[in-house]
Amino acid sequence: MITCNRCGKENQDHYKFCLGCGSELVKPAPAPAVEARDASLETARTVLPPAPMAATMAGELRSSSPAVPKARGGIPWGDSPKMPAAIPFQLPPNPLAGPAPAPRSTSGGASAVGALGGTPAPIRATGGAAPAPAGEIPCPTCGKMVQIGFAFCGGCGTRIAKQPSGSGQAVGGPPRTMFMAGSTAAAPVAIPRGRLILIRPDGTEGGAHPLHDGENLIGRGQAPLFDADAYLSPRHAELSVGPNGVTIRDLQSLNGIFLKIGDEEPLESGDIFRIGQELLRFEVISPPQPLEDGTDVMGTPNPGFWGRLSVIVGRDVDGSAFPLFGESIVLGRERGDILFPEDGYVSGTHTRIALRDDRVYLSDLGSSNGTFLRLRQERTVPTGAFMLMGQQLFRLEFR
């Protein structure tokens, strides 16, 4: 057997190249005969060193002639003298390293590694020593990490552009953004300019809806604070916050917006206001006018009524009607001209309607729950104003 000087693999005597690494095999010089000192020894024997040492003793190995040649795995080849010719083993070429250099040999035909002795260095496909591990870069197509120096991605086969010296990013590849902890800038958060605060029936505050600069849409489905009120339209009102305050506008809602009055408010024919749970419409009673042909309309003689209050019980449905006469009419639960004794939200004397200088005015008489007038058009309201929308009472606050 011949032991390869390069990888230490045992090869048969007639092989010229090692089956393990493909290096050229060098047959050792014939060993001098050793005289047997013991009569029991019929032939001289040479003891081989252990396998790990054989790789470091190139040129000094002696084979044991009585040994039976064995194939890989230790199975005897038998006595057949016809063995296949040895085919030199070569590693596949590395497409990244270029052409492999020609084998180098010493004067005795042994490889340079065998001539130098010692443990051989790791072998590359090109015959040189393996380089030190390098960094990795992501594939621009699939993102798989590829070692710097490789020309192709092992995951998808994309060609990796050549790396400049000291760079960890492929030239021509997609740029990589490095993120540092805490460096992400938070998006600016708009600070509300005001809010609508829900007032519960017992007078305590409920939830609040923020109001920002510009237009703020109020309605059922616009915010959780409004979703439970079936009397709110989906697009009920719009509150515009600007430098001059808050302007509120009714978006043609079914049930309207009612603003709590402070000072005396003028009433026009068709205006609707609310005290307690009573929804009332004011109408002016004008003197009867003759028709175009001059015929007068017959009716009960008017004793001096100048207006009328109608109780609204539904859409286009009125209940009781009360005539207005004299200089003023007082509404309340206990005292006044028109009483609502069953409504516990109406104060004893709640509100007054007065006629002065051919104009009609509505004023609150210090009631507990206030008097609310339905807005006819958009209106700028001050901070602290109360408004009824649907069946909910809100207080407006802004800065």
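Before reading further, recall that the structure is shown in the block above.
Since this is a predicted model, take the numbers as computed values, not measurements.

### Some details on the overall build of the chain
When its secondary structure is counted, the chain shows 2 helices and 23 strands. When the 399 residues of the chain are sorted by exposure, 29% land in the buried category. By sequence separation, contacts in the chain at least 24 residues apart represent 44% of the contacts at least 6 residues apart. Surface accessibility of the chain: about 26,000 Å² in total, with carbon and sulfur atoms responsible for 54%.

### Here we look at the sheet that holds strand E16 (residues 328–332)
For sheets, the rule is that strands pair by backbone hydrogen bonds, running either parallel or antiparallel. Taken together, 5 strands build an open sheet; the order of strands is E11-E19-E18-E16-E17 and the sheet is mixed. Edge strands, defined here as strands with exactly one partner in the open sheet, are strand E11 (265–267) and strand E17 (338–339).

### Structural notes on the side chain of His209
Examined against the element boundaries, His209 turns out to sit in strand E6 (residues 205–211). The contact partners of His209, leaving out residues within four places of it in the chain, are Gly194, Arg195, Leu196, Leu217, Ile218, Ala223, Leu225 and Phe226.

### A word on the pattern of salt bridges
Any two side chains of opposite charge can pair, so long as their charged atoms come close to each other. Applying the stated rule across the entire model yields 15 salt bridges. Residue Glu283 pairs with Arg281 through a salt bridge whose shortest N-O separation is 3.8 Å. The exposure class assigned to Arg281 is buried, which follows from its relative accessible area of 18%. Taken together, the salt bridges that share partners define one network made up of Arg195, Glu205, Arg395 and Glu397.

### A look at the packing of aromatic side chains
Under the counting rule described, the total for this entry stands at 3 aromatic pairs. Between Phe226 and Phe394, the ring centres sit 5.8 Å apart and the planes meet at 65°, which makes this aromatic pair edge-to-face. Within this pair, whereas Phe226 is found in the loop between strand E7 (214–218) and strand E8 (237–242), its partner Phe394 is found in strand E23 (residues 392–398), the two being separated by 168 residues in sequence. Here Phe226 matches Phe394 in class, with each residue buried. Relative to Phe325, the ring of Phe305 has its centre 5.9 Å away and its plane inclined at 50°; by these criteria the two rings are tilted. A residue pair is termed long-range when its members are at least 10 positions apart, and Phe305 in the loop between strand E13 (278–284) and strand E14 (307–314) and Phe325 in the loop between strand E15 (317–324) and E16 qualify at 20 residues. On the basis of relative accessibility, which here comes to 45%, the residue Phe325 falls in the partly exposed class. Directly above the aromatic system of Phe386 lies the positively charged group of Lys260, at a separation of 5.1 Å from the ring centroid. Here Arg356 stacks its cationic end above the ring of Tyr361, 4.5 Å away from the centre of that ring.

### Side note on the layout of surface pockets
In this structure, the second largest pocket spans a volume of roughly 680 Å³. For the second largest pocket, the lining is made up of 23 residues, of which Asn255, Leu279, Ile312, Val313 and Gly314 are closest to its centre. Sorting the residues of the lining of the second largest pocket by element identifies strand E12 (272–275), E13, E14 and E15 as the ones contributing at least two each. Tallying contributions element by element places E14 first for the lining of the second largest pocket, with 4 residues. Residues that form the lining of the second largest pocket fall into these classes: 10 nonpolar, 6 polar and 7 charged.

### Topic: the pairing of strand E10 (residues 257–260)
If a strand is regular, its side chains alternate between the two faces of the sheet. Note: E10 against strand E22 (residues 386–389), 3 bridges, orientation antiparallel. Bridge pairing in E22 places Phe258 opposite Leu388. Two strands pair when backbone bridges link them, and E10 and strand E20 (residues 371–374) are joined in this way by 3 bridges, in the antiparallel orientation. In the sheet register, Phe258 faces E20, and the bridge partner there is Arg374.

### Some words on unusual backbone geometry
In this structure, Asp316 is a non-glycine residue whose phi angle is positive, near 60°. Given the relative accessible area of 77%, Asp316 is considered exposed. Of note in this structure, Asp358 is not a glycine but carries a positive phi near 60°. A relative accessible area of 75% places Asp358 in the exposed class.

### Details of the sheet that holds E8
One open sheet accounts for 4 strands, arranged E7-E8-E9-E21; its pairing is antiparallel. At either margin of the open sheet sits one strand with a lone partner, and together these are E7 and strand E21 (379–381). Ignoring strand direction, the axes of neighbouring strands in this sheet form an average angle of 30°. Where strand E9 (residues 245–250) lies against E21, 3 bridges are found, and the strand directions are antiparallel. Bridge pairing in E21 places Val246 opposite Val381.

### A look at the pairing of E22
Note that E22 and E23 share 4 bridges and pair antiparallel. Looking at the pairing, Leu388 lines up with Leu393 of E23.

### Structural notes on the nonpolar core
A general trend in soluble globular proteins is that nonpolar side chains are found buried together. If you look at the biggest cluster of nonpolar residues, it comprises 22 residues, and the most contacted ones within it are Leu196, Leu239, Met387, Met389, Phe394 and Leu396. Sorting the residues of this core by element identifies strand E5 (194–199), E8, E9, E10, E22 and E23 as the ones contributing at least two each. Of the residues forming this core, the biggest block, 3 residues, is contributed by E8. Sequence-distant contacts of Leu396, defined by excluding residues within four places in its chain, comprise Arg195, Leu196, Leu211, Leu239, Val246, Val381, Pro382, Thr383, Gly384, Ala385 and Met387. Formed by 19 residues, the second largest nonpolar core is a distinct cluster that contains Ile275, Leu280, Phe340 and Leu362.

Thresholds applied
- Residues numbered from 1 in each chain as written.
- Predicted model: local features only at pLDDT ≥ 70, side-chain atom pairs only at ≥ 80, totals over all residues.
- Heavy atoms only, no water.
- Helix = DSSP H or I, 4+ residues; strand = E, 2+ residues; numbered from the N terminus.
- Buried < 20%, exposed > 50% of the residue type's maximum accessible area, 1.4 Å probe, protein only.
- Contact = heavy atoms within 4.5 Å.
- Areas by Shrake-Rupley, 256 points an atom, 1.4 Å probe, with all protein chains shown as cover.
- Pairing = 2+ DSSP bridges.
- Salt bridge = Lys/Arg side-chain N within 4 Å of Asp/Glu carboxyl O.
- Phe/Tyr/Trp six-rings, centres within 6.5 Å; stacked < 30°, edge-to-face > 60°.
- Lys NZ or Arg CZ within 6 Å of the ring centre and 35° of its normal.
- 1 Å grid on protein atoms, 1.4 Å probe; cavity = no way out; pocket = protein on both sides within 12 Å on 5 of 7 lines; lining within 4 Å.
- Points joined across faces, edges and corners; volume = space filled by probe spheres on them.
- Nonpolar A, V, L, I, M, F, W, Y, C, P; charged D, E, K, R; others polar.
- Axes fitted to C-alpha atoms, helices over the stretch in contact; angles between N-to-C directions.
- Core = buried A, V, L, I, M, F, W, Y, C linked by side-chain atoms within 4.5 Å.

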